[in-house]
Amino acid sequence: MAVANRVTGAIALVVGLTWALLARGLPLQQGNAPGPGLFPLALGLVFAAMGAGLLAQSRADRSAPPLWPDRAGARRVLLIFCALAAYIALVDLVGFPSSTTLFLIALFRAWGGYRWRVVIALAAALSAANYVIFEAWLGLSLPSGSLLDWG
Amino acid sequence: MDVLNGLAQGFAQALQPANLLAAFVGCVLGTLIGVLPGIGPTAGIALLIPITAGMDATAAIIMLSGIYYGSMYGGSTTAILINTPGEAASMITALDGFQLARQGRAGVALGMAALASFIAGTVGLVGLMLLAPPLANFALSFGPPEYFALMLLGLSIVVSLAGRSLLKGLMCAVFGLLVATIGIDPQAGVSRFSFGNPSLMGGVDFISVAVGLFAITEVLQGMEQKAVSFIEAKLTGLWPGRSDWREARGAVARGSLIGFLIGLLPGAGPTVASVIAYDVEKKVSRHPERFGRGAIAGVAAPEGANNAAASAGMIPLLTLGIPGSAALAVLLGALLVHGLRPGPLLFQQNPDFVWAVIASMYVGNATLLLLNLPLVGWWARLTRVPFPILGPLVLVFCFVGTYSVRNSLFDAWVALFFGILGYVMRKLDFPAVPVALAVILGPLLETALRQTLTISQGRLDILLTRPTALALLVAAAGSVVLSLYGRVRQTRLVTSGVLGTDED
C-alpha cells in the first residue's frame, strides 16, 4: 500500500493547498463575524497536513498493495464507466427512453453475454417500464432529448 | 404532549390510508433493497428522495423510514440463504445463519431472524418513544457551540469506527467537508470554488455523492467478480421450536438492549451493534463452540441488535439532527428536502409529524413480520436475478435518482465521479461513510462554527467554557483516542471487512 499511499498523500497535499490558496481570495472576516473564506482555509490546511502525514507514514509502510482486479475484471469496470458516461451524454441528445434502451442493450450484451434477441427484448421492456413508472406514474420530468425536440 | 397522547394521535395519522400505503410501500421496497446485494439502504433512500418530493412530507418520510428499517429485515434473508448479506448489518447473521441453512434448518433461521427483528424493533421503538421527548427538551438549551461540538462528535465516531487507518478516516471526513464548501456560502451568500460555473454554484448535491459512493461503487465492485452460485435451501418449519426459543430468547433480549444502546451513539450504527451483540453472546453462552457452526443464538443476537439499533438511531436524528449512519444521513437529507429541520424544535413545531412517523414504525414492523415470514421463499427467489441484469438496472435508477433532484445532468456526472472515486477509495482502504456524512453535515457544521465565533467574538475557547459543549468535545476526542487502543480497535478489525463496504 506504500506506493498508493504516497500517491494519495501527494494528491491530498496538492488539493488541500489549492483549496487554502483559493480560500485566501475570499474574505476571512466580515465585520465582527468570520467570513466565507475562514472555514475552507482551515479545512484546506488541515487536509494538506493530513496528506503530508500520509506521505510520511508511507515510508514505514509494509502492508500489502491494494487488490486491483485482474485484466478481465478491470476491462469490465472500465466498460461500465464508459457506458455510464456515454449514457449520460446521450440522454441529453436522444432522450431518456431511447438512451436507456441502448445503455441496457450494451451492458446486457457485453457483460451478461446473453443472445441478441433476449438482450433487445429485455432492454426495451425494462426501459419502457422505467419510463412508465418514473415519467408517467410518478411524474418526474426526464430529459426528452435536444435532438428530438423541434418544438 | 405526553407520550400516550402523542402516540394516539400518531396512530390516528399513521393509519390513514395514504400513510398506511406509504409505510407498506416503504417496507416492501426496503425488504427488496435488503434482499438485493447490489444496492443497500443508503443508496435506496437516496434514489427515492426525488420520487417522494411531490408527496406529502409525512407520507414521504414514513415511506423512506420504512425502507431504512425494512432493509434490516431483508438483508438477513440473503445472508442466511446464500451467505451473501444484502446489506452490511446482516453480515454477522450470515456466520451462523448460513451454517443453519446448510444443515437444512434455513426455515428456523429465517423465522428466528424475523421474530428477533420484530421483537427488537419494537423494543427499540418503545425506547425511542420514551427517550426522544426528554432528550429533545434537553437539547432545546443547545446553542451553536453545542451543535458544533455535537456534529464533531458524530463525525469522529464515524471516523473512529470505519476502516483500518484512523488517518485515512479523518482524511475522508475532511474531504467531505471540503466538498461541502463548494457553492453558495450558507451565511454570506458568496459563491465559493465554483469558478463561475452555475452548476457548481448550486453546490454538490449530497444525493449524487451518496448514490455515487454507495450504489455506483457497489455495481463497479460487483462487475469485478463472477456471479455467485446459489444453494437450494429447503424452507420448512419457519416457526422456531421450543428448544430454539429457549436457546435464543436471552440472545434476543441482550441483542435488543445492546443494539439500542449502540444505536443511540451517533456514528456506531446497526452494523457495529450486530458485531458487538454477537461477540457478547459468544462470551456468555454455555456453548461458545457452537457459534459459527449454526447456533440459533448467533442469528437471534445480531438480528435483534441491528433492528434495535435502527430504531434507536432515529433518536439522535429526530431530536438533535445528528445522523448515526450513512443511511440516516441520507434520511436527514430527505427531511431537509421536505422543509423539516430535525432537531429539538421539531418536537415542538411538528409534533404530529414526529408521532406519525413513530407510530408508522409500529405499523411497519408488524407489516414486515407478515411480509417476511410467509413470503420469505418468494423474496429469496429474487436473489436469483443475475447481477448482469440487476447491475445495469441499478445504474439506470442511479441516473433517474440523481437527475431528478434538480433536473440537472450535472448531478448525474457528479454521481459518476463519486462512483469511480468510491471504487478507488475502497481499493485503497479509504472509508466512504465519513465522506457522505461530512458532505451532509458540512454546511450545518460551518454555520454552527461561524455563529459560535460570532457569539464569542472570534474566540474558540467558548467551546471549553460551556459544560455541555466541553463534554461533547471530550467525548469526540475520546472516541478517536479509544479507536487507537483496545477493544474498539478489535471491533474495527472485525468490522473493517463490513464497514469497508460502507453500507450501514
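These figures come from a predicted structure and were not determined experimentally. (Residues numbered from 1 in each chain as written. Chains lettered and ligands numbered in written order. Predicted model: local features only at pLDDT ≥ 70, side-chain atom pairs only at ≥ 80, totals over all residues. Heavy atoms only, no water.)

Colleague: Describe the side chain of Asn19 of chain B, listing the residues and the values that go with them.
Modeller: Tracing the backbone shows Asn19 of chain B in helix α2 (residues 17-35). Among all residues touching Asn19 of chain B, those that are not within four sequence positions of it are Gln13, Ala14, Asp56, Thr58, Ala59 and Ile62 of chain B. (Helix = DSSP H or I, 4+ residues; strand = E, 2+ residues; numbered from the N terminus. Contact = heavy atoms within 4.5 Å.)

Colleague: Can you explain helix α19 (residues 433-455) of chain B? Please cite residues and give values.
Modeller: All names here are of chain B. Its 23 residues give α19 an end-to-end C-alpha distance of 32 Å, which sits within 8% of 33 Å, the value for a rise of 1.5 Å per residue. Considering bend angle alone, the principal kink of α19 is centred on Leu441 and spans about 50°; proline Pro443 follows within four residues of it. Of all 23 residues in α19, 19 are buried, a share of seventy percent or more. Once α19 ends, the next one or two residues include Gln457, with phi positive near 55°. (Expected span 1.5 Å × (residues − 1). Bend = angle between axes of the 7 residues up to and from the residue. Buried < 20%, exposed > 50% of the residue type's maximum accessible area, 1.4 Å probe, protein only.)

Colleague: Describe the nonpolar core, listing the residues and the values that go with them.
Modeller: Counting 179 residues, the largest nonpolar core has Phe103 of chain A together with Ile45, Leu213, Phe214, Met314, Ile358 and Phe399 of chain B as its most contacted members. In terms of residue count, α19 of chain B provides more of this core than any other element does, 13 residues in total. Counting residues in each nonpolar core, the second largest holds 33 residues, with Ala116, Ala273, Phe291 and Ala295 of chain B among its members. (Core = buried A, V, L, I, M, F, W, Y, C linked by side-chain atoms within 4.5 Å.)

Colleague: Before we move on, can you summarise the pattern of salt bridges with the specific residues and values?
Modeller: Residue and element names in this part refer to chain B. Scanning the entire structure with this criterion turns up eleven salt bridges over all chains. The residue Asp244 makes a salt bridge to Arg105 at a minimum N-O spacing of 3.0 Å. Residue Asp244 is found in helix α11 (residues 242-264), and its partner Arg105 is found in the loop between α5 (91-102) and α6 (106-139); the two are separated by 139 residues along the sequence. We classify Asp244 as buried; its relative accessible area is 7%. Arg426 is the salt-bridge partner of Glu218, the closest N and O atoms lying 3.3 Å from each other. Note that Glu218 is positioned in helix α10 (residues 206-224) and Arg426 in helix α18 (residues 409-427), a separation of 208 residues in sequence. Among the residues examined, Glu218 registers a relative accessible area of 18% and is labelled buried. Each of the salt bridges in this network shares a partner with another, and the network as a whole consists of Asp185, Arg192, Glu446 and Arg450. (Salt bridge = Lys/Arg side-chain N within 4 Å of Asp/Glu carboxyl O.)

Colleague: Which residues make up α2 of chain B, and what are the values?
Modeller: Working note: α-helix, 3.6 residues per turn, so residues spaced by three or four point in the same direction. All names here are of chain B. Taking 1.5 Å of rise per residue, the 19 residues of α2 would be expected to cover 27 Å, and the 27 Å separating its terminal C-alpha atoms lies within 8% of that figure. All buried positions along α2 are accounted for by Asn19, Ala22, Ala23, Gly26, Cys27, Gly30, Thr31, Ile33, Gly34 and Val35. Among the structural elements, α1 (3-14), α3 (41-52), α4 (57-82) and α16 (351-382) are those in contact with the buried residues of α2.

Colleague: Tell me about the packing of aromatic side chains, and name the residues and values.
Modeller: Summed over all chains, the structure comprises 13 aromatic pairs over all chains. Ring centres 6.0 Å apart and planes at 75° place the aromatic pair Phe134 of chain A and Phe397 of chain B in the edge-to-face group. Of the two residues, Phe134 of chain A sits in helix α5 (residues 116-137) while Phe397 of chain B sits in helix α17 (residues 387-406), which places them in two different chains. Taking the relative accessible area as the measure of exposure, Phe397 of chain B reaches 29% and is therefore partly exposed. Judged by centre distance (5.9 Å) and plane angle (35°), the ring pair of Phe11 of chain B and Tyr362 of chain B falls under tilted. A residue pair is termed long-range when its members are at least 10 positions apart, and Phe11 of chain B in helix α1 and Tyr362 of chain B in helix α16 qualify at 351 residues. Taking relative accessible area as the criterion, Phe11 of chain B reaches 26% and is therefore assigned partly exposed. Among the aromatic residues, ring-to-ring pairing joins Tyr87, Phe96 and Phe103 of chain A together with Phe399 and Tyr403 of chain B into one connected group. (Phe/Tyr/Trp six-rings, centres within 6.5 Å; stacked < 30°, edge-to-face > 60°.)

Colleague: So what about the interface of chain B and chain A? Which residues, and what values?
Modeller: Facing the 61 residues of chain B at the interface are 63 residues of chain A. Together chain B and chain A conceal approximately 5300 Å² of surface at their shared face, both sides included; 83% is due to carbon and sulfur atoms. Together, Leu178, Phe193 and Met223 of chain B form the three largest contributors to the area buried by chain B at its contact with chain A, with a combined 13%. There are zero salt bridges connecting chain B and chain A. (Buried area = accessible area lost by both parts, 1.4 Å probe.)

Colleague: Lay out the packing of helix α14 (residues 326-337) of chain B against α19 of chain B in plain terms, naming residues and giving numbers.
Modeller: Residue and element names in this part refer to chain B. It is at 9 Å that the axes of α14 and α19 come closest, and there the two elements cross at 20°. With respect to their mutual orientation, α14 and α19 come out roughly parallel. For the pair α14 and α19, the sense of crossing is left-handed. The residues of α19 that touch α14, namely those facing Ala326, Ala329, Val330 and Leu332, are Val433, Leu437, Ile440 and Leu441. Classifying every residue of the contact of α14 with α19 gives eight nonpolar, no polar and no charged. (Axes fitted to C-alpha atoms, helices over the stretch in contact; angles between N-to-C directions. Parallel < 35°, antiparallel > 145°, perpendicular 65-115°, else oblique. Left-handed = near helix turned anticlockwise from the far one by under 90°. Nonpolar A, V, L, I, M, F, W, Y, C, P; charged D, E, K, R; others polar.)

Taken by themselves, the reported measurements are silent on function.
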